[in-house]
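Architecture at a glance
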Amino acid sequence: MMNHVSVLEISLAALQHNYNFFKSRLLKSTKILGVVKAFGYGSESVAIAKHLETLGANYLAVAYVKEGLVLRKAGVKLPILVLHPQIAQFDLLIENCLEPNLYNFRSLEAFLNMVSKTKLDNYPIHIKFNTGLNRLGFVVDDISKIISILKATTSVKLASIFSHLAASEDLSEKAFTLNQISQFKAIANTLIKELGYTPMQHILNTSGVVNYSESQFDMVRIGIGLYGFGNEENITKQLELVGVLKSKISQIHNIEAGQTVGYNRAFTSATAIKTATIPIGHADGVSRQQGNGVGYVYINNQKAFIIGNVCMDMLMVNVTDIACAEGDAIFIYRDQAHIEDLAAKQNTIPYELLTAISQRIGRKIV
Ligand SMILES: *Cc1c(COP(=O)(O)O)cnc(C)c1O
């Protein structure tokens, strides 16, 4: 299934650079959780997780149990927080020493039910509070019931309490974000007072670290930053892109005036032009929205714009003014500015372009 001509080259040196960049901005005592969900933001979760482990990261996070299982099978030993575990997979989660985020009474009680059937004691769990994102999480009024549930069992131990910011990259939402942080502080204080021990606390994601580093608490959860994006130009330019997407020209065509290119004959040439066919398509994560002159690849350091509709497995670009030949190497995603520009043209964010790179694309660790 692997398409070995189009390859995502994953630089562990870039990962290390980015890890050290964020580490240098944090207090020495602050733990780092590396977020490796969605195949390491579309790269390769095992290689990324193992490298983060050697770099000294304290925790990893994935979204779903199966993602954590892949890491355990590959020998990753770090604690792994599962951000959105499904009740039906709690048995698998426990078998693989993964740590659940529990965010409502349904998930908390189901987990206690499951863990109490084992002989386990002090199984680490994490409890999430909703402070304004309105996605997952308990609210402040739930604290006393949470405490009474936790006090009635020795099966689990609260490893951390956390919350998630809704707009940490958007400084026009600073008042909202500061309110989330102060709500979280109040929740943590109340809960810890009643609990009798102190779990870790964490709220910052990448942009949180950049914009609200005074609220790093015990740990920060860094995702996109590790892969090379700071959600603002001044930070991104200090980071390195972990995944560079490369391919090779399959065929070159000389198109005469009046001929059309691609499905639905979406492009009609006004003049004689030259096109190159590239072996990557919308099934690989290059959106059809990039077609018809919107998106571009880099060939020989020049932009070659997509002609006509993006096909499932390939696309055609205009190379009329670019010196190139069949078999030449090209960049589908060359650097952060390229990805940011394509994302903006597609009315989305780099997160979506990265995670859309399909499993058919080869991964090469460099
Ligand atoms: C994905 C995720 C993160 C990482 O966010 P970035 O913006 O990529 O740093 C952190 N925390 C939670 C709860 C997440 O779901």
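Residues numbered from 1 in each chain as written. Predicted model: local features only at pLDDT ≥ 70, side-chain atom pairs only at ≥ 80, totals over all residues. Heavy atoms only, no water.

**Some words on the domain arrangement of the protein**
When cut into domains, the protein gives domain 1 (12-232) and domain 2 (243-365). For domain 1 and domain 2, the distance between their C-alpha centroids amounts to 37 Å. Facing the twelve residues of domain 1 at the interface are eleven residues of domain 2. Each partner contributes to the roughly 1100 Å² buried at the junction of domain 1 and domain 2, and carbon and sulfur atoms together form 69% of this total. For the interface between domain 1 and domain 2, the tally reads zero salt bridges. In this structure, the connection of domain 1 to domain 2 is made through four residue pairs in polar contact (both at pLDDT 80 or more). Residue contributions to the side of domain 1 that touches domain 2 peak at four residues, all from helix 2 (residues 37-42). Here the residues of the side of domain 1 that touches domain 2 sort into seven nonpolar, four polar and one charged. (Domains from an automatic or database assignment. Contact = heavy atoms within 4.5 Å. Buried area = accessible area lost by both parts, 1.4 Å probe. Salt bridge = Lys/Arg side-chain N within 4 Å of Asp/Glu carboxyl O. Polar contact = N/O pair within 3.5 Å; in protein donor to acceptor, adjacent residues only side chain to side chain. Helix = DSSP H or I, 4+ residues; strand = E, 2+ residues; numbered from the N terminus. Nonpolar A, V, L, I, M, F, W, Y, C, P; charged D, E, K, R; others polar.)

**As for the pattern of salt bridges**
Scanning the entire structure with this criterion turns up six salt bridges. The salt bridge partner of R360 is D284, with a shortest N-O separation of 2.8 Å. Taken as a pair, R360 in the loop between helix 13 (350-355) and strand 19 (361-365) and D284 in the loop between strand 14 (273-278) and strand 15 (296-299) lie far apart in primary sequence, 76 residues in all. Shared partners join several salt bridges into a network, and the residues in it are E9, K246 and K364.

**Observations regarding helix 4 (residues 65-73)**
Side chains three or four residues apart in an α-helix point the same way, a direct result of the helix having 3.6 residues per turn. Among the residues making up helix 4, those that are buried are V65, G68, L69, L71 and R72. Seen end-on, helix 4 carries its buried residues on one side only, within an arc spanning 160 degrees. Structurally, helix 4 contributes buried residues whose contacts are with helix 3 (45-55), strand 3 (59-62), strand 4 (80-82) and helix 5 (90-95). (Buried < 20%, exposed > 50% of the residue type's maximum accessible area, 1.4 Å probe, protein only. Arc of directions from axis to C-beta.)

**Let's talk about the packing of aromatic side chains**
The full count for this structure, using the stated rule, is ten aromatic pairs. Between the aromatic rings of F21 and F22, the centroid separation amounts to 5.1 Å while the plane-to-plane angle is 90 degrees, which identifies the pairing as edge-to-face. Considered together, F21 and F22 belong to a single accessibility category, that of buried residues. With a centroid separation of 4.9 Å and 70 degrees between ring planes, the pair formed by F105 and F138 is classed as edge-to-face. Remark: F138 occurs in the loop between strand 6 (123-128) and helix 7 (143-151) and F105 occurs in helix 6 (residues 105-116); sequence separation between them is 33 residues. Ring pairing ties together the aromatic residues Y41, Y227 and Y351, which thus form one cluster. Cation over ring: K145 sits above F105, and NZ or CZ is 4.2 Å from the ring centre. Lying across the ring of Y296, K303 places its NZ or CZ 4.8 Å from the centre. (Phe/Tyr/Trp six-rings, centres within 6.5 Å; stacked < 30°, edge-to-face > 60°. Lys NZ or Arg CZ within 6 Å of the ring centre and 35° of its normal.)

**Structural notes on helix 8 (residues 174-195)**
Between its terminal C-alpha atoms helix 8 stretches 31 Å, which fits the 32 Å expected from 22 residues at 1.5 Å a residue. Residues T177, Q180, I181, F184, I187, A188, L191, I192 and L195 constitute the buried set of helix 8. Burial along helix 8 is one-sided: seen end-on, the buried residues are contained in an arc of 125 degrees. Summarising the geometry of helix 8, the exposed residues directed more than 90 degrees from the buried face are A175 and K193. In this structure, the buried side of helix 8 is in contact with helix 7, strand 7 (156-162) and strand 8 (200-202). (Expected span 1.5 Å × (residues − 1).)

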